[in-house]
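# Structure at a glance
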Amino acid sequence: EDEEEEEELEGKDLVVTIVGAKRLRAMDHNFFFANSSDPYCRCEATGLDGSARSTFRTPTISACLEPQWGHTGLITNFQEDDILTFTIWDDDRLTGDDRLGWVTVDDHELRPFYHFDAVLSLDQGPNDPPGQLQVSIRRHLVSADALPRSKSLKNILWCCQCCASCCQSIAWCCTGKTKRFFMWVGVVTVIVGFFTWDVLKGVLKEALMDVYIGAVGLGIILIALYSLWEVVSGAFEFIRDQLHFLFRSGAGALG
């Protein structure tokens, strides 16, 4: 129990990818680069008391209002109720950096799987329309140094490799096939039920009413299952990512 409490106090490590931004404000107005900015993005984890826990930043991209950084950094010691703040700055060595926009992601948005992909609305102040910031966040569970060096590790890694390969190539639960299947079956069922009732309502009226109600009900259930699957698929993708990482890290530790 003491070890579990200590692990919670230490917090989690998050792998954060800042993909890119769109519709940023122009801060540089000169002869060479009219209406542009030199943006970079800083990601910072802070506690409820405002204390900084971990931070990293992307490189600067010059003269660009829609930068694509594709930059991945590690946030360490992320604890319960902490907040991730993404702030985009205009790099200006002469007059000092200007803040272009900001957005926050709190711990409650990341739970329970810490598998988060989103295009966030970027607050750029009251006089400018919001921009967009695309990010990807995963929980970083293990490292090569943390893996046990035992004979059984080879068997564990073999199992992980097998499961990961299955999830990538065969299993519907880890691909988009199931989601598309539920969506299209629901849509087709509702449409067919509607036209069947509209065309043949004069014939076997009572029987068709039951069929139509059943078809609409089934369609609603399938659409609800599709929405639920968005959450479940996030869990499977999270497990698949960790299996891949465990295999790569373990292979490096054994080597």
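Described in the following lines is the structure provided in the data block. Source: prediction; values computed, not measured.

### Regarding unusual backbone geometry
Geometrically, the link from Arg-111 to Pro-112 is a cis peptide bond, its omega value of -5 degrees lying close to zero. Relative to the assigned elements, Pro-112 resides in the loop between α2 (107-110) and β7 (115-122). Positive phi outside glycine occurs at Ala-63, with the angle close to 50 degrees. With respect to the helices, strands and loops of the structure, Ala-63 is situated in the loop between β3 (52-57) and β4 (68-78). Taking relative accessible area as the criterion, Ala-63 reaches 31% and is therefore assigned partly exposed. Phi is positive for Asp-81, close to 70 degrees, though the residue is something other than glycine. Structurally, the position occupied by Asp-81 is in the loop between β4 and β5 (83-90).

### Points about the nonpolar core
Counting 27 residues, the largest nonpolar core has Leu-84, Phe-86 and Leu-133 as the members making the most contacts within it. Elements supplying a minimum of two residues to this core: β1 (12-22), β2 (39-46), β4, β5, β6 (98-106), β7 and β8 (131-140).

### Side note on the environment of Asp-49
Here Asp-49 shows up in the loop between β2 and β3. Distance from Asp-49 to Asp-82, taken between C-alpha atoms, is 9.4 Å for residues 33 residues apart in sequence. In terms of polar contacts, Asp-49 uses its side chain to reach the side chain of Ser-51, at 2.7 Å.

### So, the side chain of Gln-124
Take Gln-124: it is sitting in the loop between β7 and β8. Residue classification places Gln-124 among the buried positions, given a relative accessible area of 4%. Reaching out from Gln-124, the side chain makes a polar contact with the backbone oxygen of Arg-23 at a distance of 3.0 Å. Within polar-contact distance, the side chain of Gln-124 engages the backbone nitrogen of Arg-25 at 3.0 Å. Leave out the neighbours within four places in its chain, and Gln-124 touches Arg-23, Leu-24, Arg-25, Leu-100, Gly-101, Pro-129, Pro-130 and Gly-131.

Quick notes on the rules
Residues numbered from 1 in each chain as written. Predicted model: local features only at pLDDT ≥ 70, side-chain atom pairs only at ≥ 80, totals over all residues. Heavy atoms only, no water. Helix = DSSP H or I, 4+ residues; strand = E, 2+ residues; numbered from the N terminus. Buried < 20%, exposed > 50% of the residue type's maximum accessible area, 1.4 Å probe, protein only. Core = buried A, V, L, I, M, F, W, Y, C linked by side-chain atoms within 4.5 Å. Polar contact = N/O pair within 3.5 Å; in protein donor to acceptor, adjacent residues only side chain to side chain. Contact = heavy atoms within 4.5 Å.

Just distances and angles here, no functional claims.
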